[in-house]
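# Inside the fold
Each chain, written out:
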Amino acid sequence: STVKAVAPSLIETDMRKGQPNLVSRIPVGRFGRADEVAQAVMMLLGNPYMTGQTVAMSGGMAFN
């Protein structure tokens, strides 16, 4: 059995509208998109050798 996870942070949704101050904290300069999260999930599903990993989708933000 394998364990894999995707950890999205600031993803563009209806809840994020009207919060441009948060975008300034993201190094890539924008919120992530749902399709980008889906691409990461598909990548993990397509790689049976990878296990015990978490893919952090933060746009370059560091969480300490």
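Residues numbered from 1 in each chain as written. Predicted model: local features only at pLDDT ≥ 70, side-chain atom pairs only at ≥ 80, totals over all residues. Heavy atoms only, no water.

### Structural notes on the overall build of the chain
- Looking only at helices and strands, the chain has two helices and two strands in total.
- The linear arrangement of helices and strands in the chain, starting from the amino end, is β-α-α-β.
- Against the compact-globule benchmark of 11 Å for 64 residues, the chain has a radius of gyration of 13 Å, which places it well outside the compact range.
- In terms of principal-axis extent, the alpha carbons of the chain reach across some 40 × 25 × 15 Å.
- When the 64 residues of the chain are sorted by exposure, 20% land in the buried category.
- Residue pairs in contact within the chain that sit at least 24 positions apart in sequence constitute 60% of those at least 6 positions apart.
- In the form shown here, the chain has an accessible surface area of approximately 4,800 Å², with 58% of it arising from carbon and sulfur atoms.
- The averaged location of the 4 negative side-chain charges in the chain is 6 Å from the averaged location of its 6 positive side-chain charges. (Helix = DSSP H or I, 4+ residues; strand = E, 2+ residues; numbered from the N terminus. Rg over C-alpha atoms; globule rule 2.2 N^0.38 Å. Buried < 20%, exposed > 50% of the residue type's maximum accessible area, 1.4 Å probe, protein only. Contact = heavy atoms within 4.5 Å. Areas by Shrake-Rupley, 256 points an atom, 1.4 Å probe, with all protein chains shown as cover. Lys, Arg positive; Asp, Glu negative; His and termini not counted. Charge placed at Lys NZ, Arg CZ, Asp CG, Glu CD.)

### Regarding helix 2 (residues 34-45)
- With 12 residues, helix 2 should reach 16 Å at 1.5 Å per residue; the first-to-last C-alpha distance of 17 Å fits that figure.
- Among all positions of helix 2, only E36, V37, A40 and L44 are buried. When helix 2 is viewed along its axis, its buried side chains cluster within an angular range of 105 degrees and face the same direction. With respect to the buried face of helix 2, the exposed residues turned more than 90 degrees away are A34, Q39, M42 and L45. (Expected span 1.5 Å × (residues − 1). Arc of directions from axis to C-beta.)

### Considerations on the side chain of S58
- For S58, the location among the structural elements is in the segment after strand 2 (53-57).
- One polar contact links the side chain of S58 to the main-chain carbonyl oxygen of M61, over a distance of 3.0 Å. (Polar contact = N/O pair within 3.5 Å; in protein donor to acceptor, adjacent residues only side chain to side chain.)

### A look at the nonpolar core
- Judged by nonpolar contacts, L10, L22, I26, F31 and M61 together constitute the single largest core of five residues.
- For L10, the contacting residues outside a window of four places in its chain are R16, L22, I26, F31, G32 and M61. (Core = buried A, V, L, I, M, F, W, Y, C linked by side-chain atoms within 4.5 Å.)

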